[in-house]
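Summary of structural features
Each chain is listed here by its residues.
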Amino acid sequence: MTDAPDVGELRPPVRTLMGPGPTDVHPRVQRAMTGSTVGHLDPSFLEVMEEVQELLRYVFRTDSEWTLPISGTGSAAMEAAIANVVEPGDTALVPSNGYFGGRMAEMVRRAGGDPVSVDAPWGEPLDVADVRGACEDHDPEVVCFVHAETSTGVLQPEVPALTEAARDHGAVVVADAVTSLGGVELRTDDWGIDVAYSAGQKCLSAPPGMSPLTVGERAREKIRGREEPVRSWYLDLTELDDYWGDGQYHHTTPISTVYALREALRIAAEEGIENRWERHREVAGTLVDGLDEVGLERYADDAYWLPSLNTVRVPEGVDDEVVIDHLLEEYDLEIASGLGDLSGEVFRIGCMGYSARPKNVRYLLAALEETLDELNAA
Ligand SMILES: *Cc1c(COP(=O)(O)O)cnc(C)c1O
């Protein structure tokens, strides 16, 4: 057997996080996480859970009772959404205009469903007429879309028209709101979204680990009518609702991460959700103006601009990884490279939550300009 490893005290570097998430955590959220651990059925914790649910309804703009955070990251909330609404044999439309639609398709398959893709090129949103056409051709039980595509920096416009097309065919609508919740306008109930999910570590600026989900009445009805139990025991929403709604043991929620999410949501409520959307537009507006000045060409069309995640093309002759490594090593600053089809083609620069501050934007622009100049001179 090996001896006890001699591992030093943990001293993570202090970074400025301007990538696709996680984002800078507010000091108040950091402090909230240090609150004492209590039992997951402690009366004080049941109260915390109720407050988190109320705050989540506020940021999602929903009245739905079934609004709770999933223990896990955004992908766990994505899987909870899909595993519960998709029954074996169901057809689900999924988008093909970015990285995350592919992940949805795989989850639909694993839930026993049949994914059918609604095609649009990477870098463009779905066309509502295409969604309508696909509904007519395939008669899906579920229609999925990505509200804010983090791989391309594209915001899906015309959400109410898209959900109407799906609802006209009786389909339940699932929205990936991972990079929109708390950062760009999202109105779950008014826009006819049946299920929306997100993650703590994007525009809410909580640490990763608890991921918001909301399920409206139409989706609940579909879930209640399932003939076969949800294939995932851990993500079965009916069981999870017994815990979040009635305080019955299901699993041990990550207590400290719930504390953190509560504080992050409290900050969002103090700011006011609409003011928060406006701040993201404003701060990210100065970011894209600055990127123009640095001479970087925008990837996504202005019409579909996603303030929380900005994509610019990697200039000719520049190695994206060299730039990204240099920013991390010399500036303690994180941005990201392209994902999937866009690998090596774009930089992805986040502007989310507590990271969406003028100070961060000024720092990023200066660091990026210096780095590109240095590389040009070399
Ligand atoms: C980040 C992200 C996810 C996955 O979330 P994880 O927390 O990494 O599991 C899903 N969808 C979109 C659009 C995302 O940006």
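Residues numbered from 1 in each chain as written. Predicted model: local features only at pLDDT ≥ 70, side-chain atom pairs only at ≥ 80, totals over all residues. Heavy atoms only, no water.

What the protein chain contains, in helices and strands, is 12 helices and 14 strands. Principal-axis analysis of the C-alpha atoms gives the protein chain an extent of 65 × 55 × 50 Å. Buried residues in the protein chain amount to 57% of all 378 residues. Contacts in the protein chain between residues far apart in sequence, at least 24 positions, make up 73% of those at least 6 positions apart. Accessible surface computed for the protein chain: about 16200 Å², of which carbon and sulfur atoms make up 46%. For the protein chain, the centre of its 30 positive side-chain charges and the centre of its 69 negative side-chain charges are spaced 5 Å apart. (Helix = DSSP H or I, 4+ residues; strand = E, 2+ residues; numbered from the N terminus. Buried < 20%, exposed > 50% of the residue type's maximum accessible area, 1.4 Å probe, protein only. Contact = heavy atoms within 4.5 Å. Areas by Shrake-Rupley, 256 points an atom, 1.4 Å probe, with all protein chains shown as cover. Lys, Arg positive; Asp, Glu negative; His and termini not counted. Charge placed at Lys NZ, Arg CZ, Asp CG, Glu CD.)

Moving on, we get to the site of the ligand. Within the structure, the ligand sits among 13 residues, and Thr 73, Ser 75, Thr 150, Gln 201 and Lys 202 are positioned closest to it. Between the ligand and Gly 74, the relevant distance is 2.8 Å, taken from an oxygen atom to a main-chain nitrogen or oxygen of the residue. Here an oxygen atom of the ligand and a side-chain polar atom of Thr 150 are 2.4 Å apart. Contact with the protein chains covers 89% of the free accessible surface of the ligand, which is 380 Å². Secondary-structure elements contributing two or more residues to the shell around the ligand are α3 (74–85) and α4 (99–110). Considering each element in turn, the shell around the ligand owes the most residues, 3 residues, to α3. (Near = heavy atom within 4 Å. Polar contact = N/O pair within 3.5 Å; in protein donor to acceptor, adjacent residues only side chain to side chain.)

What follows covers the packing of aromatic side chains. Counted by the stated rule, this structure contains 4 aromatic pairs. Both rings, one in Phe 45 and one in Tyr 259, keep their centres 6.2 Å apart while their planes meet at 65 degrees; by these two values the pair is edge-to-face. With Phe 45 in helix α2 (residues 43–60) and Tyr 259 in helix α9 (residues 255–271), this pair connects stretches of sequence that are 214 residues apart. Using a relative accessible area of 0% as the deciding quantity, one classes Phe 45 as buried. Lying over the aromatic face of Tyr 354, Arg 357 brings its terminal NZ or CZ to 3.8 Å of the ring centre. (Phe/Tyr/Trp six-rings, centres within 6.5 Å; stacked < 30°, edge-to-face > 60°. Lys NZ or Arg CZ within 6 Å of the ring centre and 35° of its normal.)

Let us look at the pairing of strand β11 (residues 309–313). Extensive coverage of β11 is indicated by the burial of 4 of its 5 residues. When β11 meets strand β14 (residues 346–350), the two strands line up antiparallel, connected through 5 bridges. Bridge pairing links Val 312 to Phe 347 in β14. (Pairing = 2+ DSSP bridges.)

On to the sheet that holds strand β8 (residues 172–176). Spatially, β2-β10-β9-β8-β5-β3-β4 is the arrangement adopted by the 7 strands of the open sheet, whose pairing is mixed. Each end of this open sheet is capped by a strand with a single partner; those strands are β2 (67–71) and β4 (114–118). Sheet twist, expressed as the mean angle between neighbouring strand axes with direction ignored, is 20 degrees. Sheet analysis places strand β9 (residues 195–197) next to strand β10 (residues 210–215), joined by 3 bridges and oriented antiparallel. Each residue of the ladder has a partner; that of Tyr 197, found in β10, is Leu 213. Along the sheet face, α2 touches β2, β9 and β10 and points at about 110 degrees away from the line of β2. (Axes fitted to C-alpha atoms, helices over the stretch in contact; angles between N-to-C directions.)

A few words on the pattern of salt bridges. Summed over the entire model, instances satisfying the criterion amount to 22 salt bridges. In this structure, Glu 9 engages Arg 11 in a salt bridge whose closest nitrogen and oxygen atoms are separated by 3.6 Å. Here Glu 9 and Arg 11 have matching classes, each one exposed. (Salt bridge = Lys/Arg side-chain N within 4 Å of Asp/Glu carboxyl O.)

This part takes up the pairing of strand β5 (residues 142–146). Within β5, 5 of the 5 residues are buried, which leaves it mostly tucked inside the rest of the structure. In β5, alternate side chains face the same way, and those of Val 142, Cys 144 and Val 146 on one face and Val 143 and Phe 145 on the other are all buried. Strand direction decides the pairing type here: β5 and β8, joined by 5 bridges, are parallel. In the sheet register, Val 143 faces β8, and the bridge partner there is Val 173.

It is worth spelling out a negative patch on the surface at this point. A cluster of like negative charges, contributed by Asp 289, Glu 293, Asp 319, Glu 321, Asp 325, Glu 329, Glu 330, Glu 369, Glu 370, Asp 373 and Glu 374, occupies part of the molecular surface. Where the negative patch is concerned, the elements lending two or more residues are α10 (273–294), α11 (320–331) and α12 (358–377). Topologically, Glu 293 is positioned in helix α10. Note on Glu 293: relative accessible area 71%, which makes it exposed. (Patch = residues over 30% accessible without salt bridge, like charges linked within 9 Å, V, L, I, M, F, W, Y side chains within 5 Å.)

With that settled, consider the environment of Thr 163. Among the secondary structure elements, Thr 163 is positioned in helix α6 (residues 159–168). A residue is classified by how much of its surface remains accessible, and Thr 163, at 2% relative accessible area, is buried. Put simply, Thr 163 and Val 128 are 35 residues apart on the chain and 9.0 Å apart in space, counted from C-alpha to C-alpha. Excluding residues within four positions of it along the chain, Thr 163 makes contact with Val 173, Trp 191, Gly 192 and Ile 193.

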